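# Observations on chain architecture
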Amino acid sequence: MASDLATYLLTSVGLVFFVAGTVGLLRFPDTWSRLHALTKADNLGLGFIALGLVFQAGDWVTVAKLALIWALALLAAGTAAQLVARAALTDMASRGTDPDANAKPDPNADGEARK
Amino acid sequence: MSGVFFDAVLCALILAAALAAVAGRGLFRAVVFFILYGVLVATAWLRLDAIDVALAEAAIGAGLTGVLLLGAVARLARTGARAHDPPLAVVLTAGLAATGMTAVLGWSFLELPPPQGLQEAVAASLPDSGVENPVTAVLLNFRAWDTLLESIVLLAALIGVWSLTRDEAWGAPAGIPQHVRPGGVLSTFGRVLPPIGVLIGVYLVWAGASRAGGAFQGGTVLAAVILLAAMAGVLRPPRVTARRWRMALVAGPVVFLLAGLAGLGAGAFLTIPPVHAKPLILTIEAALTLSIAVTLALAVLGPPEDAAAAPSPDAKGEER
């Protein structure tokens, strides 16, 4: 019973982080602050959800798997965020403008027009 | 009740992702939604308890095809080719054809008599197949022909990719030269992840004998490991003329064919006698996994493009 309560509580906290990350992704003005919002959802949101699910796990193998999933997602999200941020920097340097062309109705904003 | 709600949301998301991939503007966006679509469809297969299909969809449909399409988009941008939006008549015709096809499929599904299925036949013969996973039993024993031909089709696809190489680039490492900052995030990532990926890939093949998994799923994970290592600069992309890599390419079909020919002794081509079934299937799967991994990785890397890295023309006749 107490374990169910812990699961509800922790996954709810995780969901709050996911919602906040999504809102940030939609609302923040440039690539870097959007990445900041996105990685919060991945790191803390998924972390809390995995932690909440630990209380439903029958054995230690499941707990270890949940921890591994979180660690791998953390590693991938961190790496991807760094790469996207760097690509946005290079993009800005090569154009000499604001890297966030998506905010403006720029006909070249589509991915295929990018370098 | 909550299961129905989950399924309804999942179906809505699949339809939305499909629509965004087809109807949205911009190739890059379309590819991103296609990948998202693959992940959602894999989740749907999971909900239907088809774990083998879910694994294949996630690894091949979303992952590998996604990388392939992203590479194609980047290549279009590199060569300066602009993708033009097709005229409205083409869009409408394609949309009508697709809708009609869906309607016909839906109608025939509803009109068909309740499927008898082959589940009972497969279950009855499972003890003779050498493996406990019915999917693997069908793929490598009961319907081995299909799988053998599939492995050869993969090889043919790679030959098609390679045939796009310009003459002066032949013999160079596959794909475009990769630029990686030494000691950067990507090169670290490319060192940390491959050991885990190899473990998961090999596990999927081994588990395929008794649970969900198999040569195609495991091979795709291993292909992703090769690709990541190549993109992170940890592994030099193989030259298309390298003999060892070519042997890895044909190992699967060759071992499969040899096993099939050995079956002639037991009656007919591809007969797998129950006594030797398990070791035989595991051997075929191991060789197939190697070939699938290398073939898929090389197909995604693409034809060699770096003419400067190709051997000089007079040395070209000699294979290394």
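What you see is a predicted model, and the numbers here were worked out from it, not measured in a lab.

Turning our eyes to something else, we now look at the overall build of chain A. Along chain A, the regular secondary structure elements total three helices and zero strands. In sequence order, chain A lays out its α and β elements as α-α-α. The long-range fraction of contacts in chain A, counting pairs at least 24 apart against all pairs at least 6 apart in sequence, stands at 62%. For chain A, the computed accessible surface area is about 7200 Å², with 72% contributed by carbon and sulfur atoms.

Opposite the twelve residues of chain A that make contact, chain B presents 15 residues. Both faces combined, the contact of chain A with chain B buries some 1200 Å², and carbon together with sulfur accounts for 69% of it. One can count zero salt bridges joining chain A with chain B. At the boundary of chain A with chain B, the tally comes to zero residue pairs in polar contact (both at pLDDT 80 or more).

Next up on the list: helix α11 (residues 277–301) of chain B. In this model, α11 of chain B (25 residues) spans 36 Å end to end at C-alpha, consistent with the 36 Å of a helix rising 1.5 Å per residue. In the segment just after α11 of chain B, Gly-302 of chain B is the residue with positive phi, at about 90°.

Before going further, it helps to spend a moment on unusual backbone geometry. For Asp-49 of chain B, which is not a glycine, the phi torsion comes out positive at approximately 65°. Within the element layout of this structure, Asp-49 of chain B appears in the loop between α2 (27–47) and α3 (51–78).

Quick look at the environment of Ala-307 of chain B now. Residues and elements named next belong to chain B. Considering the arrangement of structural elements, one finds Ala-307 in the segment after α11. Separated by 169 residues in the primary sequence, Ala-307 and Val-138 place their C-alpha atoms 45 Å from one another. Setting aside anything within four residues of it in sequence, one finds Ala-307 in contact with Glu-168 and Ala-169.

All names here are of chain B. Overall, the coordinates contain five salt bridges over all chains when judged by the stated rule. Linking Arg-75 and Glu-305 is a salt bridge whose minimum nitrogen-to-oxygen distance equals 2.6 Å. Pair noted here: Arg-75 is in helix α3 and Glu-305 is in the segment after α11, with a separation of 230 residues, a long-range link. Between Arg-143 and Asp-146 there is a salt bridge; the shortest N-O distance is 3.2 Å.

What follows covers the packing of helix α2 (residues 31–54) of chain A against helix α3 (residues 60–95) of chain A. All names here are of chain A. Look at α2 against α3: their axes get within 10 Å of each other, and the N-to-C directions meet at 180°. The orientation of α2 with respect to α3, classified from their angle, is roughly antiparallel. Counted together, Thr-31, Trp-32, Leu-35, Thr-39, Asp-42, Asn-43, Leu-46, Gly-47, Ala-50, Leu-53 and Val-54 of α2 and Val-63, Leu-66, Trp-70, Ala-73, Leu-74, Ala-77, Ala-81, Val-84, Ala-85, Ala-88, Leu-89 and Met-92 of α3 form the full contact between these two elements. Class assignment of the residues belonging to the contact of α2 with α3 gives a composition of 18 nonpolar, four polar and one charged.

Attention now goes to helix α6 (residues 134–142) of chain B. Residues and elements named next belong to chain B. Buried within α6 are the following residues: Thr-136, Ala-137, Leu-140 and Asn-141. When α6 is viewed along its axis, its buried side chains cluster within an angular range of 100° and face the same direction. Along its buried surface, α6 packs onto α5 (119–129), α7 (144–162), α10 (243–265) and α11.

This part is about the confidence of the model for chain B. All names here are of chain B. Averaged over every residue, the pLDDT of chain B is 85; the share at 70 or more is 97%. With pLDDT under 50 throughout, residues 316–320 is counted as low confidence; its partners more than four residues away or in other chains account for 13 contacts. Reported confidence for the predicted complex is 0.72 by ipTM and 0.81 by pTM.

Residues and elements named next belong to chain A. One way to put it is that helix α1 (residues 2–27) packs onto α2 with a least axis distance of 8 Å and a crossing angle of 170°. On the basis of the axis angle, α1 is roughly antiparallel to α2. The handedness of the crossing between α1 and α2 is left-handed. Contacts between α1 and α2 involve Thr-7, Leu-10, Thr-11, Val-13, Gly-14, Leu-15, Phe-17, Phe-18, Gly-21, Gly-24 and Leu-25 on the former and, on the latter, Arg-34, Ala-37, Leu-38, Ala-41, Leu-44, Gly-45, Leu-46, Phe-48, Ile-49, Leu-51 and Gly-52. Considering only residue class, the contact of α1 with α2 consists of 14 nonpolar, seven polar and one charged.

Procedures and definitions
- Residues numbered from 1 in each chain as written.
- Chains lettered and ligands numbered in written order.
- Predicted model: local features only at pLDDT ≥ 70, side-chain atom pairs only at ≥ 80, totals over all residues.
- Heavy atoms only, no water.
- Helix = DSSP H or I, 4+ residues; strand = E, 2+ residues; numbered from the N terminus.
- Contact = heavy atoms within 4.5 Å.
- Areas by Shrake-Rupley, 256 points an atom, 1.4 Å probe, with all protein chains shown as cover.
- Buried area = accessible area lost by both parts, 1.4 Å probe.
- Salt bridge = Lys/Arg side-chain N within 4 Å of Asp/Glu carboxyl O.
- Polar contact = N/O pair within 3.5 Å; in protein donor to acceptor, adjacent residues only side chain to side chain.
- Expected span 1.5 Å × (residues − 1).
- Axes fitted to C-alpha atoms, helices over the stretch in contact; angles between N-to-C directions.
- Parallel < 35°, antiparallel > 145°, perpendicular 65-115°, else oblique.
- Nonpolar A, V, L, I, M, F, W, Y, C, P; charged D, E, K, R; others polar.
- Buried < 20%, exposed > 50% of the residue type's maximum accessible area, 1.4 Å probe, protein only.
- Arc of directions from axis to C-beta.
- pLDDT = per-residue confidence, 0-100.
- Left-handed = near helix turned anticlockwise from the far one by under 90°.

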